[in-house]
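Residue-level listing of the chains:
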Amino acid sequence: MVTLVRTTQELNDIRNKETRPVGFVPTMGNLHQGHISLLERALTEYEVVYFSIFVNPKQFGPNEDFNRYPRTLEHDINLITELAKRFPNKEVVVYSPKDPQEVFPESKNQNVSVLGLSTMLEGKIRPGHFDGVATVVYRLFELTRPTSAYFGLKDYQQYLVIRQMVKDLQMPIKIIGMPIIRENEGLALSSRNQYLSPEQKSSSLLISRTLNELKKILNHKRENLLKAQSFISDTLKDPNWNYLEMRDAETLSEDVNHSKQITILAVYQMGTTRLLDNTQVEIQ
């Protein structure tokens, strides 16, 4: 069963009556199979799942795409309903607030900042972005009070920021990172992929090919780090790379000489669209 609620009062009324543990999937809508994979996992683990669809103004910079970000509620509800048919005894409560003030009323003027993790990579390029992410997720956690929350690992830095926030604030919520879902050719699914022209879509496969090439060069061996760094330096001669970096998978430290697991994070500028991706490599 799928229930759509458009106000925080409705959500509070439903949540206050719920005695079972709750899973939670926060999204900005315009759903694709990556989002649906999060909901599917949540529905396998919980009888009731809360699913938010909210384009959060706090995480967009002044020159970013907040106004044109696709809002496709009818399409999204159809996708959720189709999946829910496979879980006939489960419930999905979709919270899609009709106005940002439903989430951020004037009485709720808090700002959540996760120091350190929020100021590198994406945070360096998009100042304040992760404050906006942490603030809205904290607020949605307040409203839904979940036992577990599910996040796609395509936004790996975001996942670490949320995990750190929950740890710092001692919130009793398990943060679950879910694998990146890709198109057949390798491009990571993203709502912003629809901005790409057919030619750009084809060219965008460069990012996943580059990540795979780096994995091959590393080949799980610490002695290959210098070779991988040299490959990165050559790759970055293309100015369309916002960044391509190897970081410690747990801390995002630039020092990976003793890391057991490395995350390679990348953003490539394709026209007006920033394509974000990453991959993980265990190192021996």
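Heads up: the structure comes first, above all this text.
This structure is a prediction, so every number in the text was calculated from the model and none was measured. Every chain begins its residue count from 1, and numbering advances along the sequence as written. Where totals are concerned, whole chains, interfaces and linings use all residues; where local detail is concerned, this predicted model gives features only for residues with pLDDT of at least 70, and gives and counts side-chain atom pairs only at 80 or more. To get the side-chain values, all heavy atoms of the structure are used, and hydrogens and water are removed first.

Draft legend 1. Broad picture of helix α3 (residues 73-84). Elements are defined by DSSP. Helices are runs of H or I of four residues or more, strands are runs of E of two residues or more, and each kind is numbered from the N terminus. Helix span, as expected, comes to 1.5 Å for every residue beyond the first. The end-to-end C-alpha separation of α3 is 16 Å, in line with the 16 Å expected for 12 residues at 1.5 Å each. Within the span of α3, buried status applies to Asp76, Ile77, Ile80, Leu83 and Ala84. Across the axial projection of α3, the buried residues extend over an arc of 125°, all falling on one side. Those residues of α3 that are buried are in contact with β1 (2-5), α2 (33-45), β3 (48-53) and β4 (91-95). Burial classification: accessible surface area is computed with a 1.4 Å probe over protein chains only, and a residue below 20% of its type maximum counts as buried, one above 50% as exposed, and the rest as partly exposed. Here the arc refers to the directions that run from the helix axis out to each C-beta atom. Only heavy atoms matter for contacts: two residues are in contact if any of them lie within 4.5 Å across the pair.

Draft legend 2. Up close: the packing of helix α9 (residues 205-218) against helix α10 (residues 225-235). Every axis in this analysis is a line fitted to C-alpha atoms, fitted for helices over the stretch in contact. Angles between the N-to-C directions lie between 0 and 180 degrees. Taken N-terminus to C-terminus, the directions of α9 and α10 make an angle of 155°; their axes are 8 Å apart at the nearest point. In terms of orientation, α9 lies roughly antiparallel with respect to α10. The hand of the α9/α10 crossing is right-handed. Contact with α9, carried on its side by Thr210, Glu213, Leu214, Ile217 and Leu218, involves Leu225, Lys227, Ala228, Phe231, Ile232 and Thr235 of α10 and no other residues of that element. Here the angle decides the label: under 35 degrees means roughly parallel, over 145 means roughly antiparallel, 65 to 115 means roughly perpendicular, and every other value means oblique. Two helices that cross are described as forming a left-handed crossing if the nearer one is turned anticlockwise from the farther one by less than a right angle, and a right-handed crossing if clockwise.

Draft legend 3. Spatial organisation of the environment of Phe51. Structurally, the position occupied by Phe51 is in strand β3. Relative accessible area serves as the criterion here: at 0%, Phe51 is assigned to the buried category. Separated by 56 residues in the primary sequence, Phe51 and Ser107 place their C-alpha atoms 24 Å from one another. In this structure, Phe51 is in contact with Phe24, Val25, Thr27, Leu31, His35, Leu39, Ile80, Val92, Val93, Val94 and Tyr95, ignoring residues within four places of it in sequence.

Draft legend 4. Broad picture of the sheet that holds β1. Two strands qualify as a pair provided that DSSP identifies no fewer than 2 bridges between them. Pairing within the open sheet is parallel, and its six strands lie in the order β1-β4-β3-β2-β5-β6. Two strands in the sheet have a free side with no partner beyond their single neighbour: β1 and β6 (174-178). Between one strand axis and the next, the sheet turns through 25° on average, direction left out of account. Sheet topology places strand β5 (residues 148-152) next to β6; five bridges connect them, and they run parallel. Bridging across to β6, Gly152 finds its partner in Met178. Against the sheet, helix α6 (residues 129-144) touches β2 (22-27), β3, β4, β5 and β6, its axis set at about 150° to β2. Across the sheet, helix α7 (residues 156-168) touches β5 and β6, and the angle it forms with β6 is around 170°.

Draft legend 5. Structural context of the packing of aromatic side chains. In this analysis, rings of Phe, Tyr and Trp, with Trp reduced to its six-membered ring, are considered paired at centre separations within 6.5 Å, and the interplanar angle assigns stacked below 30 degrees, edge-to-face beyond 60, and tilted for intermediate values. All told, the structure shown has six aromatic pairs when counted by the stated rule. With a centroid separation of 6.1 Å and an interplanar angle of 75°, the aromatic rings of Phe24 and Phe141 are classed as edge-to-face. Residue Phe24 is found in strand β2, and its partner Phe141 is found in helix α6; the two are separated by 117 residues along the sequence. We classify Phe24 as buried; its relative accessible area is 1%. For Phe141, a relative accessible area of 2% gives the class buried. When the ring of Phe60 is compared with that of Phe66, the centres are 5.4 Å apart and the planes differ by 65°; the resulting orientation is edge-to-face. Judged by its relative accessible area of 11%, Phe60 is buried.

Draft legend 6. Geometry of the layout of surface pockets. Each cavity reported here is a set of points on a 1 Å grid over the protein atoms alone in which a 1.4 Å probe fits but cannot get out, each pocket an open set with protein on both sides within 12 Å along at least five of seven lines, and each lining residue one with an atom within 4 Å of a point. Grid points are joined across faces, edges and corners, and a volume is the space filled by probe spheres set on the points. The computed volume of the second largest pocket comes to approximately 260 Å³. Ile53, Val55, Arg71, Ser96 and Pro97 are, among the 18 residues lining the second largest pocket, the residues nearest its centre. Any residue outside Ala, Val, Leu, Ile, Met, Phe, Trp, Tyr, Cys, Pro, Asp, Glu, Lys and Arg is labelled polar, Gly included; the first ten of those are nonpolar and the last four are charged. Looking at the lining of the second largest pocket residue by residue, the class counts come to nine nonpolar, four polar and five charged.

Draft legend 7. Geometry of the environment of Lys260. In this fold, Lys260 is placed in the loop between β7 (241-248) and β8 (261-270). It is 8.6 Å that separates the C-alpha atoms of Lys260 and Val281, two residues lying 21 residues apart in sequence. Not counting residues up to four positions away in its chain, the partners in contact with Lys260 are Val281, Glu282 and Ile283.

Draft legend 8. Up close: the nonpolar core. The definition of a nonpolar core used throughout is a set of buried Ala, Val, Leu, Ile, Met, Phe, Trp, Tyr and Cys residues joined through side-chain atoms within 4.5 Å. Within the largest apolar cluster, 40 residues are counted, with the highest numbers of intra-cluster contacts made by Val137, Phe141, Met165 and Ile175. Only β2, β3, β4, α6, β5, α7 and β8 provide two or more residues apiece to this core. Every residue in contact with Val137, bar those within four places of it in the chain, is listed here: Phe151, Ile162 and Met165. The next biggest cluster of nonpolar side chains, apart from the first, holds 23 residues, and it includes Leu211, Leu214, Leu225 and Ile283.

Draft legend 9. The packing of α2 against α3, seen in detail. Viewed as axis vectors pointing N to C, α2 and α3 meet at an angle of 35°, and their least axial separation amounts to 11 Å. As α2 runs across α3, the sense of the crossing is right-handed. The segment α2 lies against α3, with Gln33, Ile36, Leu39, Glu40 and Leu43 engaging Leu79, Ile80 and Leu83. Partitioning the contact of α2 with α3 into residue classes produces six nonpolar, one polar and one charged.

Purely spatial values, then, with no claim about function.
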